[in-house]
Amino acid sequence: MDYFSHSWLPYLYLYGVGGIFFFSGVYLVWKTGAIDLSKSHHRTWMKVFFLGYAWFMIVHGLFTYFALQ
Amino acid sequence: METFHNIGTSTDWIVMVIYFLAIMSFGTYFGRYTKDTSDFFFGGRRFSWWLITMSIVATGVGSHSFVKYSAKGFEHGFSSSMTYLNDWFFVPFFMFGWLPIIVYSKVRSIPEYFEKRFNPSARFLATILLLFYMIGYIGIGFLTLGKAVIPMLPESFQIFGSIVDITLMRAIIVIAIITGIYITFGGQTAVIFTDLLQGFILLFAGFLLFILGITYVGGGQEFWDLLPLTWKLPLADFNEPSSFNFVGIFWQDAVAGSVGFLFMNQGLLMRFMACKSVNEGRKAATINILFVLPLSAIVVGNAGWLGKAMSVMDPGIVSPNTSPDEIFVVVASIVTSPGIFGFIMAALTAALMSTVDTLINATAAIFVNDVYRPIMKYLKKKYDNNKQKDKQELFAARITSIAITAAGVLSVLAFIQFPTVYEAHGYFHSTLTPPLVVAIFMGVFWKRFTPAGVITTFLGGVVLMILGARFPEVFISPFDHGIEMNPDRPYSYIRAFYNLIVCVGVGVFVTVTTVIQKNIASTIKSNKNSKSIMWVLSVFTGVVYLLAILGFSSLQFIFPVFIIVLVPIIVTYYSDYDEESSTKGLTVYSINEAKLAFKGSKVNEKLGETVEVNFFVSDHEQDEVMFSKNDLLKLGAEVGDLVYLSDKRKWLGGLKSIHSKIGKPHNEDGKVYLSEDQIDHGLFDKGKMLIAEKEM
């Protein structure tokens, strides 16, 4: 049985469309100077943003993979 | 569908009563730290990130409750956790946009932001929408509480010879009375501390249930093997069934819900504002979203997953026809022993109460700040001093809490028709959040967004949303991503997508046509009959709006056009809006100006360290503290900088602390001079050392 609409399709949509919002936010706060990459703690926050995004991608990805095994 | 009564034993009830008395005593003890409305609503802006993070657990878990998520866990599996794992997309906007703006601009409520950013009319409309939202949310909370408690109660009881049925509404009324009493006497500090305690208890109770349940079914591997494949997938099917599908819930929760949660939930914002600094608030948000929410997803959903595994293992233990909203109570009663079941039920209901009382507290804050204070100002009410003003406002806050509790109970009637709490919540969210969410978002992140834009977003957006609700097959179906329309409850979730699009569309259209509105307004102003023209236009627009809301005419499809064209002209005519001054410190483009205004002088960006000091009393009157010159060097601070002083005992989480300004330095290293008032406000204990850190 094809589980694509229950597994990888929602996954791609979540991180694709959700990613548009996320990367727009990162770009906007950087472009406006709200986040100042010359400050070390702001650079840390920028890393936290990307690590957080990757964290959720990995969690969802792993669960999807193992469920389909 | 199978429903239950009389689950549990007298031991469980005794445990529950003791638990509630303990929590209320704990909260009442910390209620004594409520000295003024700042403490009542914001906990004095003093707490560490970890304390706020744990206190958010009870609030966040309560609002996304055991009942709702166990129900969906039972019906659909791990995808019940979707809404707990989709909050990261808007975090950059929140952490470096909204959070610093609301802290540095010193707004006490979201409507107050609207007045500063736009005008008093925007504040008025935002207040109405926000009060609807908050009261509706309280109603959802009460409904969930009622559904959680009903399976434990008998169907009826006898009093004075008459049989009284225990119905859902009657149970909710009793719960509301208990909740109302608690929040009325406690305030925010009580809420923060009881939520802190309940956060730990909740996680413990949820994981205890999970471990007991896994053991009951025979172990982790057996649990995994019992679940059908689709129950193991972390995301729901893309667009079916209509009662629970990924794409509808993405737009309703990941987009509208996340922005609503981070930007519009006054209760949650008040928690972040109770942190000692913006950076501390960021830490609290990060840890909460990255780690605590995923753990909470397991805590609230596992009873449903276990219920499914048990129904596959043996339908005689848990029937596949069990009412989903009761699955949590059923599973908990099967896998736990008497006493433990009572403890778990106490943790569940207490978590729900913490959500509801946070909302009541927050709604009272909005009412006092955005209705009571403006009315007192209009009536030119005079106070002898600030203390008297604060005392009267505190009294008003407490009375408002009672009234809001009652309104919340009444709002339950709107949600009781839905088959599950999850669907009621989804429908409520997708309907009520879009106008405010769009308005806040565009206000913060689009400098050009005008008062005409925001007011038309509210008014025009609501009309278009109502049209969509009336004719979903016409307006919402083009956006449905293939979701089948249920004629009884059409598009419970995906309507959020349509609602967001119409609100954004109205806001953008009105803002980009600002020049045309200004030209028309100028032309009218130059006419000698301008007042009459505007009077006719305003009355006409008002009538059209009323007809559109009530749906009294076959022309209702055209009314939104009139509203979207005429409302901006009226607003532009009457308002005197300057983009430069109105956006200073209130958009993401001017955070630095917000910091400057907050401090009152140029921000000192020099990095420093924390310093340990002993405190002594000085008889100065200004809100200043005096350090030695060497200590100031270590702090990286200068005279006039803001400083945060807290008790050195970190486990207090900032309960004993103050913010102040640095005054003229002295030469005694390791000593700080405070006034009696500051020592009293900071709750500092004689002989205990303090830690100082420069703010900003």
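Higher on the page you've got the structure.
Every value quoted in this text rests on a predicted model; they were computed, and no experiment measured them.

**Student:** Give me the overall build of chain B: which residues, what numbers.
**Tutor:** For chain B, the helix and strand inventory stands at 28 helices and 8 strands. Seen through its principal axes, chain B has C-alpha atoms that stretch 75 × 75 × 55 Å. Residues counted as buried form 62% of the 696 residues belonging to chain B. Within chain B, contacts between residues separated by at least 24 positions form 82% of all contacts whose residues are at least 6 apart in sequence.

**Student:** Give a description of helix α21 (residues 495-512) of chain B that names residues and reports values.
**Tutor:** Its 18 residues place the ends of α21 of chain B 26 Å apart at the C-alpha level, agreeing with the 26 Å of an ideal helix rising 1.5 Å per residue. Taken together, the buried positions of α21 of chain B are occupied by R495, A496, F497, Y498, N499, L500, V502, C503, V506, G507, V510 and T511 of chain B.

**Student:** So what's going on with the interface of chain B and chain A? Which residues, and what values?
**Tutor:** Counting residues at the interface gives 41 residues for chain B and 38 residues for chain A. Summed over both sides, the interface between chain B and chain A buries roughly 3,700 Å², with carbon and sulfur atoms accounting for 78% of that surface. Interface area lost by chain B to chain A is led by W88, F89 and F96 of chain B, which between them contribute 19%. Seen at the junction of chain B and chain A, the total is 1 salt bridge. For K39 of chain A, the salt bridge identified is with E605 of chain B, shortest N-O distance 3.4 Å.

**Student:** Which residues make up the pattern of salt bridges, and what values do they have?
**Tutor:** Residues and elements named next belong to chain B. Overall, the coordinates contain 16 salt bridges over all chains when judged by the stated rule. Of the charged contacts, one joins D641 and K599 as a salt bridge, the two residues approaching to 2.4 Å between their closest N and O atoms. Taken together, the residues D641 in the loop between α27 (629-635) and β5 (642-647) and K599 in helix α26 (residues 591-599) connect sequence positions 42 residues apart. This pair shows no difference in class: D641 is buried, exactly as K599 is. Taken together, the salt bridges that share partners define one network made up of K72, E75, E423 and R489.

**Student:** Hey, could you go over the side chain of S79 of chain B for me, with residue numbers and the actual values?
**Tutor:** Residues and elements named next belong to chain B. Summarising the element assignment, S79 is placed in the loop between α4 (66-76) and α5 (91-104). Judged by its relative accessible area of 1%, S79 falls in the buried class. Setting aside residues up to four positions removed in sequence, S79 forms contacts with L233, P234, L235, A236 and F244.

**Student:** Explain the sheet that holds β5 of chain B to me, and be specific about the residues and the numbers.
**Tutor:** All names here are of chain B. Spatial ordering of the open sheet is given by β4-β6-β5-β8-β3-β7, a layout of 6 strands whose pairing is mixed. Among the strands making up the open sheet, the edge pair consists of β4 (624-625) and β7 (671-674). Summarising the sheet, strand β3 (residues 611-617) and β7 pair through 4 bridges and their orientation is parallel. Within β7, the position partnered with F616 by the bridge is Y673.

**Student:** Explain the side chain of S430 of chain B residue by residue, including any values.
**Tutor:** Residue and element names in this part refer to chain B. Residue placement: S430 occurs in helix α17 (residues 421-432). Within the structure, S430 has its side chain in polar contact with the backbone oxygen of Y427 (distance 3.1 Å). Residues in contact with S430, not counting those within four places in the same chain, are Q252, S492, Y493, R495, A496 and N499.

**Student:** Account for the environment of G640 of chain B, with residues named and values stated.
**Tutor:** Residues and elements named next belong to chain B. Looking at where G640 falls in the secondary structure, it is placed in the loop between α27 and β5. With 494 residues separating them in the primary sequence, G640 and G146 have C-alpha atoms 53 Å apart. Not counting chain neighbours up to four residues away, the residues in contact with G640 comprise K599, S601, K661 and I662.

**Student:** I'd like to hear about the packing of helix α11 (residues 246-264) of chain B against helix α18 (residues 434-445) of chain B, residue by residue, with values.
**Tutor:** All names here are of chain B. Where α11 meets α18, the closest approach of the two axes is 9 Å, and the angle between their N-to-C directions is 65°. Between α11 and α18 lies a crossing whose hand is left-handed. Contacts from A256, V259, G260, F263 and M264 of α11 reach α18 at L436, V437, I440, F441 and F445. Grouping the amino acids of the contact of α11 with α18 by side-chain chemistry returns 9 nonpolar, 1 polar and no charged.

**Student:** Which residues make up the pairing of β5 of chain B, and what are the values?
**Tutor:** All names here are of chain B. Burial analysis of β5 places 6 of its 6 residues in the buried class, which makes it a mostly covered element. Two strands pair when backbone bridges link them, and β5 and strand β6 (residues 657-662) are joined in this way by 5 bridges, in the antiparallel orientation. Across the sheet, residue L642 finds its bridge partner in β6, namely K661.

**Student:** Let's hear about unusual backbone geometry: which residues, and what values?
**Tutor:** All names here are of chain B. Here the bond from E240 into P241 is cis, since omega is -5°, no more than 30 degrees from zero. Here P241 lies in the loop between α10 (229-232) and α11. A positive phi angle, near 55°, is found at H481, a position not held by glycine. Given a relative accessible area of 24%, H481 falls into the partly exposed group. Despite not being glycine, L683 shows a phi value in the positive range, around 60°. Classification of L683 by relative accessible area gives buried; the value is 14%.

Criteria and thresholds
- Residues numbered from 1 in each chain as written.
- Chains lettered and ligands numbered in written order.
- Predicted model: local features only at pLDDT ≥ 70, side-chain atom pairs only at ≥ 80, totals over all residues.
- Heavy atoms only, no water.
- Helix = DSSP H or I, 4+ residues; strand = E, 2+ residues; numbered from the N terminus.
- Buried < 20%, exposed > 50% of the residue type's maximum accessible area, 1.4 Å probe, protein only.
- Contact = heavy atoms within 4.5 Å.
- Expected span 1.5 Å × (residues − 1).
- Buried area = accessible area lost by both parts, 1.4 Å probe.
- Salt bridge = Lys/Arg side-chain N within 4 Å of Asp/Glu carboxyl O.
- Pairing = 2+ DSSP bridges.
- Polar contact = N/O pair within 3.5 Å; in protein donor to acceptor, adjacent residues only side chain to side chain.
- Axes fitted to C-alpha atoms, helices over the stretch in contact; angles between N-to-C directions.
- Left-handed = near helix turned anticlockwise from the far one by under 90°.
- Nonpolar A, V, L, I, M, F, W, Y, C, P; charged D, E, K, R; others polar.

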